[in-house]
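# Reading the structure
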Amino acid sequence: MATDTLASPATLSHTQTRVFKNFIDGEWVEATTGKTFENRNPADTRDLVGIFQRSAKADVDAAVDAAKRAFERWRLVPAPRRAELVFRAAEILIERKEEYARDMTREMGKVLAETRGDVQEAIDAGYYNAGEGRRMFGPTVPSEMPNKFAMAVRQPVGVCGMITPWNFPMAISSWKLLPAVVCGNTCIIKPAQDTPLSTFNLVRAFTDAGIPKGVVNIVTGFGAEVGTPLAEHPDVRAVSLTGSSDVGRIIGTIAAKSFKRCSLELGGKNPMIVLDDANLDLAIEGGLWGGFGTTGQRCTATSRIIVQKGVYQEFVDRYVERAKKLKVGNGLDETTEMGPAINEKQLQTDLEYVEIGRNEGAKLMCGGNRLDQGEYKYGFFMEPTVFIDVDPKMRIAQEEIFGPVVSILPCDGLEDAIEIANGVEYGLSSSIYTKDVNKAFGAIRDLSAGITYINAPTIGAEVHLPFGGTKATGNGHREGGIGALEFYTEWKSVYVDYSDKLQKAQIDRAE
Ligand code: UN1
């Protein structure tokens, strides 16, 4: 496959700050607005990670135009060839894993072990989707009539718009881009304004692997200025968003008006149930990882822990003691266990929920404060926070906070726990700790969520299984594995009549 010549994605200004341009039609170009925005390290805002283009509708239009032209060529490249390119991009990511993980920790704050995992998730998605290039299975079925052949094949949808979040800036971009490209679509991606660099890095791997021009395009900027025109564009046939339920409502409504495919991956308020017979050591370990990993900024975060009364006190005592000891700091330090919030606004939201919880009468057992002295001075840090004796109706037990604030709720037993678990508007992930196989299977059946873990917390999805949720978590689509394939392809049913005569379906019935 021919490699397109590409200009450098970043240029050095006189201050040595890297300036990143949009990537449209195989060229790195400035936004038509002439405006830019800064990407700063949330652990230390003195650290300027890069300067990015503040784009507008005209930039989106240029990218869609390029993607539309590229689609006519790309859809004709055999899927196994398209997949080889994705495979090569994954191999490039392996070589650059450490560099890209460090870039990601700098731009979004989570600890290095986790940003390495984020890059690894894109690699996994690369390998999985590359394999899909030789599958893309469809049904071949018998026809009702003699001498007639019937099958259904997958065809690409066309130009796809992708709006991605800051919490998994490479992994979630890869969940969208990689299957879309293997299926023969062309793409415009608008990364979250807090974390555009990791998407650039992913696309760099693509360009270095030899992706033809126009197949993958990046337009950076803000939601209303880039995301909205992208979703509105009549030539964009599919829109995939991972973000908040509020933004999901806006994008879903826009897409519905022009009958676009639309995949929405939204909020969560994920419960972890701990029954009396659970391995408590394991449950405490899991609850800490699920609650405070990524500073609680996962849509799959374990934000509610529902504990049966027989072990409630012991669980609370031990969990809180451990939470207090978590090492908060800059994620580039290998000993740090929890990084900062992504930005000032998110930190303020987290702190507001602490106030809300207090006013609702939940018992604050640890944390609740901003950390702003010494090493924390220039970042958006907060203590790991645990509320106990939380009532299921309280706002801290109902609303997605997206921060290091965990609510612990007591329950009487499995039935009660499931009722509490299901009593929220979201349904992304869920989990139960028990040694009783009957109870585990009961929970698998009855928890209303797209994902259920047994004896593990609510985080840790693998790329080859469907990812998504029920209720307000989305609109029924799934990413990952077969789910992505469903979204990025259209079915075409094909009938081949080799009887040499007119056969009428439903009418000609040989007796
Ligand atoms: C998210 O929570 O926003 O399952 C995505 C996980 C990760 C992906 C999370 N593999 O926790």
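Residues numbered from 1 in each chain as written. Predicted model: local features only at pLDDT ≥ 70, side-chain atom pairs only at ≥ 80, totals over all residues. Heavy atoms only, no water.

General note: in soluble globular proteins, nonpolar side chains tend to be found buried as a group. Of all hydrophobic cores here, the largest spans 69 residues; its most connected members are Leu177, Val181 and Phe206. Two domains each provide a minimum of three residues to this core, namely domain 1 (10-266 + 483-493) and domain 2 (270-454). Discounting residues that sit within four places of it in the chain, Val181 has contacts with Trp74, Arg82, Val86, Cys187, Phe206, Ile211, Val215 and Val216. One finds Ala283, Ile284, Tyr312 and Leu326 within the second-largest nonpolar core, a separate group that totals 30 residues. (Core = buried A, V, L, I, M, F, W, Y, C linked by side-chain atoms within 4.5 Å. Buried < 20%, exposed > 50% of the residue type's maximum accessible area, 1.4 Å probe, protein only. Domains from an automatic or database assignment. Contact = heavy atoms within 4.5 Å.)

A separate point is the domain arrangement of the protein. Partitioning the protein into domains gives domain 1 (10-266 + 483-493) and domain 2 (270-454). The gap between the C-alpha centroids of domain 1 and domain 2 is 31 Å. With 24 residues of domain 1 at the interface, the matching set in domain 2 holds 26 residues. Taken over both partners, the interface formed by domain 1 and domain 2 buries close to 2,100 Å², and the fraction arising from carbon and sulfur atoms is 60%. Viewed at the interface, domain 2 and domain 1 are joined by two salt bridges. The salt bridge partner of Arg298 is Glu114, with a shortest N-O separation of 3.6 Å. Taken together, the connections running from domain 1 to domain 2 amount to seven residue pairs in polar contact (both at pLDDT 80 or more). Mapped by element, the contributors of at least two residues to the side of domain 1 that touches domain 2 are strand 6 (44-53), helix 3 (97-108) and helix 4 (112-132). (Buried area = accessible area lost by both parts, 1.4 Å probe. Salt bridge = Lys/Arg side-chain N within 4 Å of Asp/Glu carboxyl O. Polar contact = N/O pair within 3.5 Å; in protein donor to acceptor, adjacent residues only side chain to side chain. Helix = DSSP H or I, 4+ residues; strand = E, 2+ residues; numbered from the N terminus.)

Attention now moves to the side chain of Lys176. Tracing the backbone through its elements, the reader meets Lys176 in helix 5 (residues 171-182). Overall, the relative accessible area of 0% leaves Lys176 in the buried class. Beyond its immediate chain neighbours, meaning those up to four positions away, Lys176 contacts Met162, Ile163, Thr164, Ser240, Leu241, Thr242, Glu479 and Tyr488.

Let us look at unusual backbone geometry. Positive phi, close to 55°, is recorded for Phe259, a residue that is not glycine. Among the structural elements, Phe259 can be located in the loop between helix 8 (245-257) and strand 13 (261-265). Accessibility expressed as a relative area gives 73% for Phe259, which makes it exposed. The backbone of Thr295 sits at a positive phi, close to 55°, despite the residue not being glycine. If you trace the backbone, Thr295 turns up in the loop between helix 9 (280-292) and strand 15 (302-308). A residue is classified by how much of its surface remains accessible, and Thr295, at 3% relative accessible area, is buried.

The element strand 15 is extensively covered by neighbouring structure, given that seven of its seven residues are classed as buried. Of the pairings in the sheet, the one linking strand 14 (residues 270-274) to strand 15 comprises five bridges and is parallel in character. Bridging from a neighbouring strand, Ile273 pairs with Ile306 of strand 15. Read as a crossover between parallel neighbours, the route from strand 14 over helix 9 to strand 15 is right-handed. (Pairing = 2+ DSSP bridges. Right-handed = clockwise from strand over helix to strand, strands pointing away.)

Tallying each qualifying case throughout the model produces 14 aromatic pairs. Both rings, one in Trp166 and one in Phe402, keep their centres 5.5 Å apart while their planes meet at 85°; by these two values the pair is edge-to-face. Within this pair, whereas Trp166 is found in the loop between strand 9 (159-163) and helix 5, its partner Phe402 is found in the loop between helix 12 (395-398) and strand 20 (405-411), the two being separated by 236 residues in sequence. By relative accessible area, Trp166 is classed as buried at 15%. The exposure class of Phe402 is buried, given its relative accessible area of 17%. Geometrically, the ring pair formed by Phe315 and Tyr319 is stacked, given 5.4 Å between the ring centres and 15° between the ring planes. Residue Phe315 and its partner Tyr319 are located together in helix 10 (residues 309-324), separated by four residues, close to a single helical turn. Across this residue pair, the class does not change: Phe315 and Tyr319 are buried. Among the aromatic side chains, those forming a connected cluster through ring pairs are Phe20, Phe23, Trp28, Phe37, Phe52, Phe200 and Phe222. The cationic tip of Lys110 hangs over the ring face of Phe168; the distance from NZ or CZ to the ring centre is 3.6 Å. Across the ring face of Trp289, the terminal group of Arg298 is positioned such that the distance to the ring centre comes to 5.4 Å. (Phe/Tyr/Trp six-rings, centres within 6.5 Å; stacked < 30°, edge-to-face > 60°. Lys NZ or Arg CZ within 6 Å of the ring centre and 35° of its normal.)

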